[in-house]
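Residue strings, one per chain:
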Amino acid sequence: MLKEKLLELREQALANISSANGLKALQEAQIRFLGKKGPITEVMKSMGKLSAEERPVVGQLANEVRKLIAARIEEKKADLEAKLLEMKLEHEKIDVTLPGRKIATGSPHLLASIIQEVEDLFIGLGFSIEEGPEVEQDYYNFEALNLPKDHPARDMQDSFYITDELLMRTHTSPVQAHTLEKHKGVGPVKVICPGKVYRRDNDDATHSHQFMQIEGLYVDHHVRLSDLKGILTVFAKHMFGADREIRLRPSFFPFTEPSVEMDISCFRCGGHGCNVCKGTGWIEILGAGMVHPNVLRMSGFDPSEYTGFAFGMGPERIAMLKYGIEDIRHFYTNDIRFLRQFNRA
Amino acid sequence: MLVSYKWLQDYVDLSGITPEELADKITNSGIEVEHIVYPGEGLKGIVVGKVESCEQHPEAEKLHLCQVDLGAESVQIVCGAPNVAAGQKVPVATVGARIANNVKIKRAKLRGEISNGMICSLDELGFDHNYVPKEYADGIYVFDDEVPVGADALPYLNLDDAILDLDILVNSAHCMNMIGVAYEVGAILDRPIKLKKPEVIESDQPASEKISISVDAGDKVSYYGARVLNSIKVAPSPRWMQLRLINAGVRPISNVVDVSNYVMLEYGQPLHTFDFDQFGSDHVLVRFAGDHEEITTLDGQLRKLTDEDLLITNGKKGVAVAGVMGGENTEVSRATENVLLEAAIFDPISIRKTAARLQLRSDASSRYEKGLDRNRVALAADRAAELLVRYAHATVLKGIVEVGERTVDEHQITMPWQKINQVLGADFTCEQIVGILRRLNFIVDVEDETMHVSVPARRFDVTIPEDLVEEVGRIYGYNHIPATLPEGTSSHASLTPYQKIRRRVEGLMNSMGLTQAYTYSLTSKENASFYVVNNQGVEPTQVVWPMSEEHAALRQSIVPQLINVAQYHLNRQMPDIKFYEIGKVFLPVKGEARPAEEEHLAGIITGKRTERNWEGESDAVDFFSVKGIVESLLDSLAVGDQIVYAPSKREGMHPGQTADILFKGEVIGYLGTLHPKVEKDYGLSETFVFELAIESLLHHGEADIKYHGLPRFPSTTRDIALVVKRTVAAADLDRVIRENGTPLLKSVRLFDVYEGSHVAPDEKSMAFSLVYFDPERTLTDEEVTIVHEKIVRACAEQLGAELRG
Ligand SMILES: [Zn+2]
């Protein structure tokens, strides 16, 4: 009797579960068949009336039915949930080609990038970075660099003077003199000095009354011109490409003796001649030389014990050459359309 | 310096070396050849013709019918030059020839008469009219007799020459003359040079009977010599000399003037000639000019002198500004018969000052300024006398009348010859070094390790051992010197703490969307006075001689420059901008000419926070955007919690939207909104700026990082909403809360500000989130409540705050 009832309940429940079309219906079925007041519980309660032989048989059947129904409900539930999730995901579909919310970043200035690149190279070679004042004493800007007051290479008209003895520095070389003084006659001195310099020029495509310079100085026992050549070769390859060659031409600067001008083989044409190198295959990059003994002496170094080399370059020129920039004023106009192009420089 | 390839061959054998090769070699040895000019470039078919007959053109008054012998044939040529005449030898452009500016000569009919070519003026052959001698300026050129008829005319006009333009720097002044260039080229090519000693035919009468000299000018005149030349016939100088002068960029005038110019070009020694009959005395006195003394120079200008100028006088009045320009009163003219020839050595600095002040830079003064061969002065006087005998029929009186020494000793340099290898990093033998120095015509003696070098006076730029290092290096060629890496102690290097943190600041600014600007330090006086962080209203440091008003003073703040950058972008339809700059500002120091230099960081933002996109327009930036940038920056640099913001009033800033930035009680910057008046003046929309004295704030670099273990116990968060008068600042509440929070209070964050209908009209509500924490244990509710209530009480007592119900 009870057995038949259980089997019937089983059929009813399974049919009910399989036809449930939502989680709510399924939950109702669960309460109806497995709830505390449900028919299976009723059957269990009435089992006491059964014989001792029948009781375990019916009991076992009741448990099995119960388990089966519960399992089917779980299965059906998972099924329904999966379908719901699928619907939800379908609904949440978006146009992934729409632009994202970007976080706008700014750009470093091209000159800052060039200077940093040079600094990092030379730090790696054991040079530290020295900076100095932009308003400089005449002594450090000229005299300590072997340019006495009446030196013909010195033209008052080229400088922005503040008083007779003070001016806007015309090069970063005075940092050399300051640095040597600080070392009180004891080497080695290995520094790179980047900074702003000022000349009494009218601003045009190739002139700027303010521009940047990077000066390098290495003073020690037995520093040789061949060392300068070696260091400059490393620099040229680092900045302009591994297959660059350099050449040194004699030149003149009052603070170096001998003085040289460094050319690199043209990075555009590889030396065959083009408009970048004006057909020569070589591009003038910087001036350099062996520190003049007068400069060493005036800054407290004994030229019979110490030698050194110095070089000076213009980051604007490097940038203009590297990127084909046609007007030096771009660096100081700060047009965002200019600056942004060098975000990765 | 214009160097004629043809002329140079007088002194050095240039066979096998083209002008281009020579130019390359000179450049690679230290004197840049800027370019080579070929004066006859493009000319073709120009021959020497002889005018056999010259008749009036029947139809045209100003034209002549010439029959011209061209060697191979005789042709009729119509010529319009006023100076054409029978018997002349002239340059003729034959039919089919090319003359200057690539003009082709064709057979032509002029007023009915056939013309088979053209007789040429120098202009038509490409000569610069400025250098054409006066006698040929308005007509054809006429050769002297020695030129063969029918020959190619170009060599006889030096139009087959190549002119090398040498860029002479301070150290290469020894090449400001042909003999100097010859020595240089001889050394470069390792070829001997040929020089002839001038031979002067003198009369028996001593010059000293006619003239005496005294010098009263301290050490500024080391030599003054004079020759007297009589019975001169002033006339044009010979063709070869005229053409050499023209190719050197000097206009031929007359034999007397041309000879002194020629000798200056050849020897480098400036000479001056006086018309002796106009000299006005038999005595030369060289002295300083009196203050305000005046002289009319050759160019007709009245010159006011000072007591620093050297003046040549006849004992009473000035006859020449020494080394710069002669006086009009003694100028050589067509009528001159007797000449006083001056050859002197003047102090370079003195000449430089005078020439600069009178704005009279001449070929002579620039040679005095850069330096002369001290031992060539009397030779130059002899050379001029020699040429004037030959080309001006001069009678030269015996001897040079002089004050001072004609020559000085050669300069001696003693050094270990190995020093050259040590400095260059080369591996020369002693013989190689000596060989190179001897190519330069230096005299060298070697004693074991020591080298004695005697340097001729013409190389006055070579004075110390290092100069000899350079001579050897440049003549040998730096390209042959190896590239090495320094052998010295390897050293470690790194950025200084400030340099490191400055790079971090740049990176943070970029990541917050600000682009780096570089603006000028020199600005207008007005701009240089605005937006100063401290000590506003101080006059900026100014340059004494500015190029323009815009760059006359040193900036005390970066903000005005950034305002210009913003305006630039606004004017170009780029209204959304964010810029920053790190750079020096120059702050005047009381009682000192030199300003203090401080590196500042400044920023400017205006426009939308982000670009408009498909989600719509973003909000505009505002005060809290700029403040957020500054706060984020300072937090990242771990100083944010030591910074206080205080309302402030600053010129050019919005009076209600500006805050000073204080660090340890000192104002180190400010931020806020530009004053609407400024925005209007510059055509800006709402614009926000900041400036920070970043160097003084961060010069120590970043503080060390102190690590704390992760919390093992939970923290407790309690929110608190306080109603206060509107005048109470958020910072006041924040401060009182923190002061009373005991060590248990770990953080305070304002999360809501409310003004409106739920509070009184003069009140506002501010809600804070407070976090309590003890690293050693879990806090009980009671413990937190005690602290929390203390805070509420303090806020009530100190700021009248009430808990919002
Ligand atoms: Zn090229």
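As annotated in an unreviewed UniProt entry, chain B carries the name Phenylalanine--tRNA ligase beta subunit and is attributed to Sporolactobacillus shoreicorticis. Its UniProt record gives chain B the following Subunit (unreviewed entry) comment, quoted word for word: "Tetramer of two alpha and two beta subunits."

Looking at an unreviewed UniProt entry, chain A carries the name Phenylalanine--tRNA ligase alpha subunit, with the source organism given as Sporolactobacillus shoreicorticis. Note on chain A: under the UniProt heading Subcellular location (unreviewed entry), the record states "Cytoplasm".

### Regarding the side chain of B:H788
Within the element layout of this structure, B:H788 appears in helix 18 (residues 781-799). Those residues in contact with B:H788 that sit more than four places away from it in its chain are B:R718, B:D719, B:I720, B:L770 and B:Y772.

### Things to note about the UniProt feature "binding site: Mg(2+)" (unreviewed entry) in chain A
The sites that carry the UniProt feature "binding site: Mg(2+)" (unreviewed entry) are, in the present numbering, A:E257. Inspection of the secondary structure assignment puts A:E257 in strand 8 (residues 256-265). Those residues in contact with A:E257 that sit more than four places away from it in its chain are A:M290, A:H292, B:E466, B:D467 and B:E470.

### Comments concerning the coordination of the zinc ion
All names here are of chain A. The coordination sphere of the zinc ion, as far as protein atoms go, consists of C266 (SG), C269 (SG), C274 (SG) and C277 (SG), spread over 2.2 to 2.3 Å. Taken together, the 4 donor atoms coordinating the zinc ion span angles of 104 to 113° at the metal, a pattern that classifies the geometry as tetrahedral. Since its relative accessible area comes to 15%, C269 is described here as buried.

### Focus on helix 2 (residues 23-34) of chain A
For the α-helix, the turn length of 3.6 residues means that residues three or four positions removed from each other point alike. All names here are of chain A. Between its first and last C-alpha, helix 2 extends 16 Å over 12 residues, near the 16 Å set by a 1.5 Å rise per residue. Listed as buried for helix 2 are L26, A29, F33 and L34. Summarising the axial view, the buried residues of helix 2 lie within an arc of 90°, below the 170-degree limit, and thus occupy one face. Exposed residues on helix 2 whose side chains face more than 90 degrees from its buried face are K24 and I31. Structurally, helix 2 contributes buried residues whose contacts are with helix 1 (2-19), helix 3 (39-45) and helix 4 (54-91).

### A look at the interface of chain A and chain B
The interface of chain A with chain B comprises 87 residues on the first partner and 80 residues on the second. Of the roughly 7100 Å² buried where chain A meets chain B, counting both sides, 56% is carbon and sulfur surface. Area buried by chain A at its contact with chain B is led by A:R200, A:R224 and A:P250, which between them contribute 9% of it. Counting the contacts that link chain A with chain B gives 7 salt bridges. The residue A:E131 makes a salt bridge to B:R502 at a minimum N-O spacing of 3.0 Å. Linking chain A with chain B are 33 residue pairs in polar contact (both at pLDDT 80 or more), by the criterion used here. At 8 residues, helix 8 (residues 225-240) of chain A tops the list of elements feeding residues into the side of chain A that touches chain B. Of the residues belonging to the side of chain A that touches chain B, the class tally is 38 nonpolar, 25 polar and 24 charged.

### Structural notes on the pairing of strand 31 (residues 577-587) of chain B
Working note: regular strand, side chains alternate between the two faces of the sheet. Residue and element names in this part refer to chain B. Counting buried residues in strand 31 gives 11 out of 11 residues, a clear majority hidden from the surface. The pairing of strand 31 with strand 32 (residues 596-606) spans 11 bridges and is antiparallel. In the strand pairing of strand 32, K584 is matched with E599.

### Focus on the UniProt feature "binding site: Mg(2+)" (unreviewed entry) in chain B
Residues and elements named next belong to chain B. UniProt tags D461, D467, E470 and E471 as "binding site: Mg(2+)" (unreviewed entry). Tracing the sequence through the fold places D461 in the loop between strand 27 (450-455) and helix 11 (465-476). Not counting residues up to four positions away in its chain, the partners in contact with D461 are N171, H174, D467 and E471. A distance of 2.9 Å separates the side chain of D461 from the side chain of R459, its partner in a polar contact.

### Observations concerning a negative patch on the surface
On the surface, B:D445, B:E447, B:D448 and B:E449 cluster together into a negatively charged patch. With respect to the helices, strands and loops of the structure, B:D445 is situated in strand 26 (residues 443-447).

### Things to note about the pattern of salt bridges
Residues and elements named next belong to chain B. In this structure the tally under the stated criterion is 61 salt bridges over all chains. Among the salt bridges present, the one from K304 reaches E294, with a minimum N-O distance of 3.7 Å. Linking K304 in strand 18 (residues 302-304) with E294 in strand 17 (residues 294-296), this pair joins segments that are 10 residues apart in sequence. In this structure K304 comes out as exposed when scored by relative accessible area, which is 54%. E755 is the salt-bridge partner of R726, the closest N and O atoms lying 3.6 Å from each other. Of this pair, R726 sits in the loop between strand 37 (716-725) and helix 17 (730-739) while E755 sits in the loop between strand 38 (745-754) and strand 39 (763-772); the two residues are 29 residues apart in sequence, bridging distant segments of the chain.

### A closer look at the UniProt feature "domain: TRNA-binding" (unreviewed entry) in chain B
If you check UniProt for "domain: TRNA-binding" (unreviewed entry), the listed places come out as residues 40-154 of chain B in our numbering. Counted over residues 40-154 of chain B, helix gives 0% and strand 40%. Its end C-alpha atoms are 7 Å apart.

### A closer look at the environment of B:H699
Residue and element names in this part refer to chain B. Inspection of the secondary structure puts H699 in the loop between helix 16 (694-698) and strand 37. A relative accessible area of 42% places H699 in the partly exposed class. Measuring from C-alpha to C-alpha, the distance between H699 and Q499 comes to 8.6 Å, with 200 residues separating the pair along the chain. A distance of 2.9 Å separates a polar atom in the side chain of H699 from the backbone oxygen of S696.

### Comments concerning the confidence of the model for chain A
Per-chain confidence: chain A averages 91 in pLDDT, with 99% of residues scoring 70 or above. Looking at the elements of chain A, mean pLDDT is at its lowest for helix 3 of chain A, recorded as 80, and at its highest for helix 11 (residues 330-333) of chain A, recorded as 97.

### Here we look at the packing of aromatic side chains
Counting across every chain of the model gives 26 aromatic pairs over all chains. Centroid distance B:W7 to B:Y262: 4.8 Å. Interplanar angle 10°. Geometry classified as stacked. In this pair, B:W7 is assigned in helix 1 (residues 5-8) and B:Y262 in helix 5 (residues 255-267), connecting sequence segments 255 residues apart. Ring pairing ties together the aromatic residues A:F122, A:F127, A:Y218, A:F235, A:F309 and A:F311, which thus form one cluster. The ring of B:Y518 is capped by A:K196, whose NZ or CZ atom sits 5.8 Å from the centre of that ring.

### Let's talk about the environment of A:L225
Tracing the sequence through the fold places A:L225 in helix 8. Placed 71 residues apart in sequence, A:L225 and A:R154 show a C-alpha to C-alpha distance of 26 Å. Setting aside residues up to four positions removed in sequence, A:L225 forms contacts with A:M290, B:V423, B:L424, B:Y478 and B:I481.

### Some words on the sheet that holds strand 20 (residues 318-321) of chain B
Residues and elements named next belong to chain B. Spatially, the 5 strands line up as an open sheet ordered 13-16-19-20-21, and their pairing is mixed. Of all strands in the sheet, those with a lone pairing partner are strand 13 (212-216) and strand 21 (325-326), marking the two edges. Relative to strand 16 (residues 283-288), strand 13 runs parallel, the two being bridged by 5 bridges. The partner of S212 across the bridge, within strand 16, is H283.

The rules behind these values
- Residues numbered from 1 in each chain as written.
- Chains lettered and ligands numbered in written order.
- Predicted model: local features only at pLDDT ≥ 70, side-chain atom pairs only at ≥ 80, totals over all residues.
- Heavy atoms only, no water.
- UniProt positions renumbered as here; feature names shortened; annotations may be inferred.
- Helix = DSSP H or I, 4+ residues; strand = E, 2+ residues; numbered from the N terminus.
- Contact = heavy atoms within 4.5 Å.
- Donors = N, O, S within 2.8 Å, 3.2 Å for Na, K, Ca; no water.
- Tetrahedral: all angles 85-135°; square planar, octahedral: opposite > 155°, others 65-115°.
- Buried < 20%, exposed > 50% of the residue type's maximum accessible area, 1.4 Å probe, protein only.
- Expected span 1.5 Å × (residues − 1).
- Arc of directions from axis to C-beta.
- Buried area = accessible area lost by both parts, 1.4 Å probe.
- Salt bridge = Lys/Arg side-chain N within 4 Å of Asp/Glu carboxyl O.
- Polar contact = N/O pair within 3.5 Å; in protein donor to acceptor, adjacent residues only side chain to side chain.
- Nonpolar A, V, L, I, M, F, W, Y, C, P; charged D, E, K, R; others polar.
- Pairing = 2+ DSSP bridges.
- Patch = residues over 30% accessible without salt bridge, like charges linked within 9 Å, V, L, I, M, F, W, Y side chains within 5 Å.
- Areas by Shrake-Rupley, 256 points an atom, 1.4 Å probe, with all protein chains shown as cover.
- Lys, Arg positive; Asp, Glu negative; His and termini not counted.
- Charge placed at Lys NZ, Arg CZ, Asp CG, Glu CD.
- pLDDT = per-residue confidence, 0-100.
- Phe/Tyr/Trp six-rings, centres within 6.5 Å; stacked < 30°, edge-to-face > 60°.
- Lys NZ or Arg CZ within 6 Å of the ring centre and 35° of its normal.

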